[in-house]
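Structure at a glance
What follows is the residue order along each chain.
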Amino acid sequence: MRIANVAGRATFVDGEGAGLDVEKASDGRFPSDPQALFDEWDAVRDWASARTIEGDTGIDPADLRAPTPLPRQVFAIGLNYAEHAAESRIALPDTPPVFTKFASSLTGPNTPIVLPSNTVDWEAELVVAIGRGGAGIAESVAWGHVAGLMAGQDLSERVVQLAGPVPQFSLGKSYPGFAPLGPALVTADEVADPDDLELGCAIDGEVLQHGRTRDMIFGVAELISRLSAVCPLWPGDIVFTGTPSGVGAGRTPARYLTPGSTLTSFVTGVGELSNPLTAAENFLQRSL
Ligand code: ZN
């Protein structure tokens, strides 16, 4: 099952560009609000699995928004791939570094993203949305708490991220538009192996990152277990699961995003998003 946010309404999509409005198709049983849908996730899934869901109207890609537009909690994991930790010149973590991307950074799969400076980096990531919440979730049952998967970007302003006496991951990664998600939320049964997904990103067709989620140091189930041991998880919460190697800051010389280009990110079997990049009016020339 695939659910997109089409101009603010939860919509079943068939992957071929057609959609079916969830609220209308369910005769009002389920809400149109894509975020509220997660509060009834098990019922939505059961309802949809008992039917043949086929799109009945064409979707304008420009109408797509973040499938999880306003989660109560956004978790993000740093240094979750060994080769990315190495290019970041940091030892392998024995516990996952956790930060947040504030909800104001979420955006849709085709939205233009405004770059505040010349030191914004790319990080293609698998993003997991929680369906059934809970605290102290055991790793063995963690996948059962997942609503679905999305492709995403953890865009990062590296100067802000690293400024000050300790790194400011949450701030440097939360400019408006720094968390594009989509194009739809895809349930795990739609992919062959949800623990081994190909992912990556490209700028204007030039591949910059290309990895597999099986190379995560802490897999999806372990992340859910570790996070829920501290923070009770709510339906609709999301987890950015970390990026593979190939980020701009790890290159010699370092390389960052430039206005006028288009950043395309993908998770094979889940989907692809393409965000054109523009310059802020007061675009800052910074150096690291
Ligand atoms: Zn990241």
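None of these values were measured; they are calculated from a predicted model.

Reading guide: rules and limits
Residues numbered from 1 in each chain as written. Predicted model: local features only at pLDDT ≥ 70, side-chain atom pairs only at ≥ 80, totals over all residues. Heavy atoms only, no water. 1 Å grid on protein atoms, 1.4 Å probe; cavity = no way out; pocket = protein on both sides within 12 Å on 5 of 7 lines; lining within 4 Å. Points joined across faces, edges and corners; volume = space filled by probe spheres on them. Nonpolar A, V, L, I, M, F, W, Y, C, P; charged D, E, K, R; others polar. Helix = DSSP H or I, 4+ residues; strand = E, 2+ residues; numbered from the N terminus. Donors = N, O, S within 2.8 Å, 3.2 Å for Na, K, Ca; no water. Buried < 20%, exposed > 50% of the residue type's maximum accessible area, 1.4 Å probe, protein only. Pairing = 2+ DSSP bridges. Axes fitted to C-alpha atoms, helices over the stretch in contact; angles between N-to-C directions. Phe/Tyr/Trp six-rings, centres within 6.5 Å; stacked < 30°, edge-to-face > 60°. Lys NZ or Arg CZ within 6 Å of the ring centre and 35° of its normal. Salt bridge = Lys/Arg side-chain N within 4 Å of Asp/Glu carboxyl O.

1. Describing empty space enclosed by the protein
The full count for this structure, using the stated rule, is two cavities of 30 Å³ or more. Counted as a void, the largest cavity has a volume near 50 Å³. Residue lining of the largest cavity: Ile3, Ala10, Pro34, Leu37, Phe38, Trp41, Pro67 and Leu185, and that is the complete set. When the residues that make up the lining of the largest cavity are grouped by side-chain class, the tally is eight nonpolar, no polar and no charged. In this structure, the second largest cavity spans a volume of roughly 30 Å³. Surrounding the second largest cavity, Val128, Val220, Leu223, Ile224, Leu227, Val239 and Thr241 form its lining. It is helix α6 (residues 220-228) that contributes the most residues to the lining of the second largest cavity, four residues altogether. Taken together, the residues of the lining of the second largest cavity break down into six nonpolar, one polar and no charged.

2. As for the coordination of the zinc ion
Each protein donor to the zinc ion is listed here as Glu123 (OE), Glu125 (OE) and Asp154 (OD); together their distances run 1.9 to 2.1 Å. Sequence spacing among the residues donating to the zinc ion works out to E-x1-E-x28-D. Grouping residues by exposure puts Glu123 and Glu125 together as buried.

3. Some words on the sheet that holds strand β18 (residues 262-267)
With mixed pairing, the five strands of this open sheet are ordered in space as β9-β19-β18-β15-β16. Each of the sheet's edge strands pairs with one partner strand only, and the pair in question is β9 (113-117) and β16 (206-212). Neighbouring strand axes in the sheet, compared pairwise and without regard to direction, differ in orientation by 25° on average. In terms of strand pairing, strand β15 (residues 198-203) meets β18 through five bridges, oriented antiparallel. Paired with Ile203 across the strands is Leu263, a residue of β18.

4. A look at the packing of aromatic side chains
Counted according to the given criterion, the structure contains five aromatic pairs. Their ring planes at 45° and their centres at 5.1 Å tell us that Tyr175 and Phe178 sit as a pair that is tilted. Seen from the ring of Phe240, Lys101 lies directly overhead, with NZ or CZ sitting 5.7 Å from the centre.

5. Digging into the pairing of β16
Pairing of β15 with β16, which is carried by six bridges, proceeds in the antiparallel orientation. Paired with Glu198 across the two strands is Arg212, which belongs to β16. The hairpin turn running from β15 into β16, its antiparallel successor, is two residues long, and Asp204 in that turn takes a positive phi close to 45°.

6. Considering the pattern of salt bridges
One pass over the full model with this rule turns up 17 salt bridges. Measuring nitrogen to oxygen at the nearest pair gives 2.8 Å for the salt bridge that ties Glu23 to Arg9. Of the two residues, Glu23 is situated in helix α1 (residues 22-25) and Arg9 in strand β2 (residues 9-13); the sequence distance between them amounts to 14 residues. Put simply, Asp196 and Arg212 hold a salt bridge, and the shortest N to O gap is 2.7 Å. With Asp196 in the loop between β14 (179-186) and β15 and Arg212 in strand β16, this residue pair connects regions lying 16 residues apart in the sequence. Overall, Arg212 belongs to the partly exposed group, its relative accessible area being 28%. Each of Lys101, Asp121, Glu123, Asp154, Arg158 and Lys173 takes part in one network of salt bridges that share partners.

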